[in-house]
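Descriptive analysis of the structure
What follows is each chain in one-letter form.
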Amino acid sequence: MYIQTVALRDVKCHALHGYYPEEQLIGCYFVVDVEVKFNASSETENLAKTVNYEVLNQIIIDEMAKTQKLLETVVMNILNAVRSNYPFLISGTVGIKKLNPPMQGEIGHSYVALSFNV
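Below: a short report on this structure.

Rules and cut-offs
Residues numbered from 1 in each chain as written. Predicted model: local features only at pLDDT ≥ 70, side-chain atom pairs only at ≥ 80, totals over all residues. Heavy atoms only, no water. Salt bridge = Lys/Arg side-chain N within 4 Å of Asp/Glu carboxyl O. Buried < 20%, exposed > 50% of the residue type's maximum accessible area, 1.4 Å probe, protein only. Core = buried A, V, L, I, M, F, W, Y, C linked by side-chain atoms within 4.5 Å. Helix = DSSP H or I, 4+ residues; strand = E, 2+ residues; numbered from the N terminus. Contact = heavy atoms within 4.5 Å. Phe/Tyr/Trp six-rings, centres within 6.5 Å; stacked < 30°, edge-to-face > 60°. Lys NZ or Arg CZ within 6 Å of the ring centre and 35° of its normal. Expected span 1.5 Å × (residues − 1). Arc of directions from axis to C-beta.

This part covers the pattern of salt bridges. Per the counting criterion, the structure on display carries 4 salt bridges. A salt bridge links K49 to E43, with the shortest nitrogen-to-oxygen separation between them at 4.0 Å. We classify K49 as partly exposed; its relative accessible area is 39%. Between K66 and E63 there is a salt bridge, with its nearest N and O atoms 3.1 Å apart. Residue K66 is classed as partly exposed on the basis of its relative accessible area of 43%. Classification of E63 by relative accessible area gives buried; the value is 10%.

Set out below in structure tokens:
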């Protein structure tokens, strides 16, 4: 049996996530990765038998538009939405980088990820 992987990498979004009120006012840039795995179908030309990465992108856009204090909430919401759309998944990971988080020093990004395995 083959295991299929579908992923979106480096989906850049501006969003208003952050614990502090000023972060929720000015926002920040985030980069989102989603990767899922499932048992591959022999019907390789049938979009209904795979994961449509356009749907993954829309889930990312929708969830990133909902302001949250913690990225832990955002990754969980994205992963739950993906699993809801594709109940046949056997594993998945969502990761979010917060670019240049507003802290002292030169920080490239902070990172939060969440995974599941069936």
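Once that is clear, we can look at the nonpolar core. Ranked by size, the top nonpolar core spans 29 residues in total, and within it V32, V34, M64, I78 and I96 carry the most contacts. Breaking this core down by element, the ones donating at least two residues are β1 (3-15), β2 (28-39), α2 (53-64), α3 (71-85), β3 (91-99) and β4 (109-117). Filtering out sequence-adjacent residues up to four positions away, I78 remains in contact with V32, V34, I59, E63, V94 and I96.

To continue, consider the packing of aromatic side chains. Tallying each qualifying case throughout the model produces 3 aromatic pairs. Measuring from ring centre to ring centre gives 5.3 Å for Y19 and Y20, while their planes differ by 90°; the resulting arrangement is edge-to-face. Between Y86 and F88, the aromatic rings sit 5.8 Å apart at their centres with planes inclined by 75°, giving edge-to-face as the arrangement. Pairwise contacts between aromatic rings join F38, Y86 and F88 into one cluster. When the ring centre of Y19 is taken as reference, the NZ or CZ atom of K69 above it lies at 5.7 Å.

A rise of 1.5 Å per residue sets the reference length of α3, with its 15 residues, at 21 Å; its end C-alpha atoms lie 21 Å apart and thus fit the reference within 8%. Within α3 the residues assigned to the buried category are L71, V74, V75, I78, L79, A81 and V82. Seen along its axis, α3 keeps its buried residues to an arc of 160°; they face one direction. Along its buried surface, α3 packs onto β2, α2, β3 and β4.

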